[in-house]
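# Coordinate analysis (summary)
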Amino acid sequence: MITNKCVKGLQSGILAMVGGLAALHVPVACGDGLPSIGGLQLWLKADAGVTTNAAGQVSAWADQSGNGNDVAAPSTQPVWSGTGFNGHPGISFANGGYLENTTANLVDAGSPRTVIVAGQGGGSGLFLFSIRRSAPTYTLAFYLSAPPHNYTWTDNNGANNWINGATVPQANTPFYAAFVSPGAGQHLQVYLNGVYWPIIGGSTITAEGGAAGFIVSDASGNHWDGTIAEVLVYDSALSDADRESVEAYLRGKYLPPPPLADGLKLWLDAGLGVTTNAGGEVSAWADQSGHGNCATAPSTKPVWSGNALGGKPAISFTGSGGLANYISNLVTAGAPRTVFAVGKANAGGNGGGLIQIRRAVPGGGIHVYINELIAYDNDNLLVLYAGDNARIGTNAFALLTSPFCATFASPGAGSQPQVYINGGTRGVTWWTGGSSIGNDNDATADGFLIGGRADGWDWNGDIAELLVYDGLLSAADRATVEMYLRNKYSLPDAALPLPPVTAGLKLWLDAAAGAELSGGSVWCWADQSGNGNHVAGSGPLWSGNGLNGHAAISFANRTFLANYTSSLVTGGAARTVFAVGQAGNAGRFFLRIRITQPWYVNAFFFSGNNFTWTDGSVNNYISGSTIPLVQNPFYASFVSPGAGSQLQVHINGKNWPVSGSVITAESGGTGFVISDDIQPWDGTLSAILVYDSALAEADRAEMEYYLGVKYGFRPPRRAGTIISLR
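Residues numbered from 1 in each chain as written. Predicted model: local features only at pLDDT ≥ 70, side-chain atom pairs only at ≥ 80, totals over all residues. Heavy atoms only, no water.

So, about the overall build of the chain. For the chain, the count of helices and strands is 5 helices and 57 strands. Residues classed as buried in the chain amount to 53% of the 726 residues present. Taking the intrachain contacts of the chain between residues at least 6 apart in sequence as the baseline, contacts between residues at least 24 apart amount to 65%. Counting only carbon and sulfur atoms, one obtains 51% of the accessible surface of the chain, whose full area is about 26,500 Å². (Helix = DSSP H or I, 4+ residues; strand = E, 2+ residues; numbered from the N terminus. Buried < 20%, exposed > 50% of the residue type's maximum accessible area, 1.4 Å probe, protein only. Contact = heavy atoms within 4.5 Å. Areas by Shrake-Rupley, 256 points an atom, 1.4 Å probe, with all protein chains shown as cover.)

What follows is the structure in structure tokens.
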């Protein structure tokens, strides 16, 4: 038996076995944040007062209002789950189960009342709750049949009141709904996720009859095919203020807001505050941040769907028209801001704007700050202002035709933007125009646009959620919001787990993340270290299982990737390089620390001695027996204590002594190269990591073990027991 007791101040759960049944006392603070409003007749909530058997089948649900209006299962029992409703306890009635009270009349027949429910529908759910137990009944329901009329109320005349068809998809996602009845002779008032839905058909309410008592779900086969988490009944038509306070309690409990409320200027969630007509066309999208920055459709309307993006609601923009706000400036012109967007682009789409912070048309000297991803000539462009564009990767549009979370972080005017997709850093290079964000000042273009631009370059795809903060979030705060969004929408995480040694990590290239393709060729390989040391070029080929079943990039045919601005380490200073790959028949350089000669190079030569290092004309080499090792998949480390010292080389965990001269302080052009255009690495690379120090022996060994296990060279450590003696 699982019994959820409301025990004030109880701080711990107790699990006991009683007669073969489990008794679990779940601590719940009395009141639970529900505002104190007179007239509460019934309060059922799935985190208190639920009695089940060991299989979770519910036999009773105790009223928490203090009135003793409990319900029980006379026959088929619904099923309780501790995480059944958006991660919170809920009771599923999908199997036809119901719960009833055969004696208590919560309100007088035909009198005013308010019923508020938190739940989620299934495929064909009907009755949520009935005030009387037999026909004629006074019933709350979302019908998933006879579209577009989704009835919400029936009374003793068999009369139905309905709202439009767009409500049903919303009932298939976690929702809170309020049904306010002023009494007989009046129409019902329906609020879904805080949005008022007018009754568009049916008769007014009459004084219902029926047998005494009430039912949660239904006993006649018209059961609620979904979950119910909470039911509240008041014996009056609540005022707007009181109703909104109860809704705020439910929303905060079951539909929590995003983290970092400070600085949040706009929060649009397609599961909340969307107003549509019977065809699902969106006329308004209400801001949930508390600032009232709502957007409306001035002309062409996008279309709402309840399961467009990973089973979650989204608004579909077809490239012709967005949602606008003509008065609200979310951030000061040119000031820092961070924008998050969750969406999905239509394959083959050709544009456009996710969110435009100022409404004026770009060009003509009017600076407009726009955050958007555009498919144009196979590029994805983050348009910043007045015709200046930042490109984030050729053919990276494939990243956007699956559900994505994109982050646009701006330090403010005069700085470069930071772009992240699914948590992974993306290289930002300038396409045309200046080298930093301009001031987006335009006094005549207050407001913002969602899914569109004033010049017609509208977003062609879905938008599920948008958040705008009026500052540049820290890396930790940005990651927190991204994690919230990725978990909410079950999105992939392009950010790799950090390696075991992070101090001094200057470059981290991993073929499993950050390789942006044009066809099968790699255009950009994004640094995962957080330092932005990306490399770009054309020609190497990407494979999802090119090395021991892991992603790899092939650098045959004199292909390479280069960075012409970043110096990873100071000339002649200590450093450690790790590489995972496989050599071809004539492989040479896989990493050059300097862009031009004299260089500081990591290589395996396939003629003469098998050099591993050159600086200027000085070579260091290890024996020829290393060649067969690197023509098979390998992981290697190169530790340099700095100028005047010998290189230390390990291949597949074994130390290989180095002959030749000591290292000198290299010179050469700024930047670095992966492979080489003259003597390329004729093979594949899965990972390269560069540290700005000679790692200690223990750190080097830990890194080699990490790479060996990750890429399938060696088994993980056996689990053991560590005993601490004190």
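The next subject is the pattern of salt bridges. All chains considered together, the criterion is met by 16 salt bridges. One salt bridge connects Glu697 with Arg700, and the closest N-O pair in it is separated by 2.2 Å. With Glu697 and Arg700 both in helix α5 (residues 697-710) and 3 residues apart, this pair spans about one turn of that helix. Using a relative accessible area of 6% as the deciding quantity, one classes Arg700 as buried. Connected via shared salt-bridge partners are Asp240, Arg243, Glu244 and Glu247. (Salt bridge = Lys/Arg side-chain N within 4 Å of Asp/Glu carboxyl O.)

Attention shifts here to helix α3 (residues 475-489). With 15 residues, α3 extends 21 Å between its outermost C-alpha atoms, agreeing within 8% with the 21 Å of an ideal straight helix rising 1.5 Å per residue. Those residues of α3 not exposed but buried are Arg478, Val481, Glu482, Tyr484, Leu485, Arg486 and Tyr489. Ser490 sits one or two positions beyond α3 and adopts a positive phi of about 50°. (Expected span 1.5 Å × (residues − 1).)

With 42 residues, the main nonpolar core has Trp61, Leu128, Phe129, Phe142, Phe179 and Ile228 as its most contacted residues. Not counting residues up to four positions away in its chain, the partners in contact with Phe179 are Arg113, Thr114, Val115, Leu128, Leu140, Phe142, Thr152, Trp153, Leu188, Gln189 and Val190. Counting residues in hydrophobic clusters, the runner-up holds 38 residues, among them Ile553, Ala583, Trp613 and Leu647. (Core = buried A, V, L, I, M, F, W, Y, C linked by side-chain atoms within 4.5 Å.)

Mean pLDDT over the chain stands at 79; residues scoring 70 or higher make up 79%. The element-level mean pLDDT for the chain is lowest in strand β2 (residues 14-18), coming to 24, with strand β4 (residues 40-45) highest at 97. In the predicted structure, residues 1-30 sits below a pLDDT of 50 and forms 57 contacts with residues beyond four places in sequence or in another chain. Ignoring residues within four places in sequence, the model shows residues 719-726, a span with pLDDT below 50, making 0 contacts including any to other chains. (pLDDT = per-residue confidence, 0-100.)

We now examine the environment of Asn293. For Asn293, the location among the structural elements is in the loop between β23 (282-285) and β24 (295-296). The class for Asn293 is buried, based on a relative accessible area of 9%. Spatially, the C-alpha atom of Asn293 lies 7.8 Å from that of Lys265, the residues being 28 residues apart in sequence. Residue contacts for Asn293: discarding those within four places in its chain leaves Lys265, Leu266, Asp287, Asn325, Ser328, Leu330 and Phe448. From its side chain, Asn293 meets the backbone oxygen of Lys265 in a polar contact 2.8 Å long. In terms of polar contacts, Asn293 uses its side chain to reach the side chain of Ser328, at 3.0 Å. (Polar contact = N/O pair within 3.5 Å; in protein donor to acceptor, adjacent residues only side chain to side chain.)

Time to look at unusual backbone geometry. One non-glycine residue, Arg558, lies in positive phi territory at about 60°. Note that Arg558 resides in the loop between β45 (550-554) and β46 (560-563). Overall, the relative accessible area of 53% leaves Arg558 in the exposed class. Backbone geometry places Asn652, a non-glycine residue, at a positive phi of 50°. The class for Asn652 is partly exposed, based on a relative accessible area of 29%.

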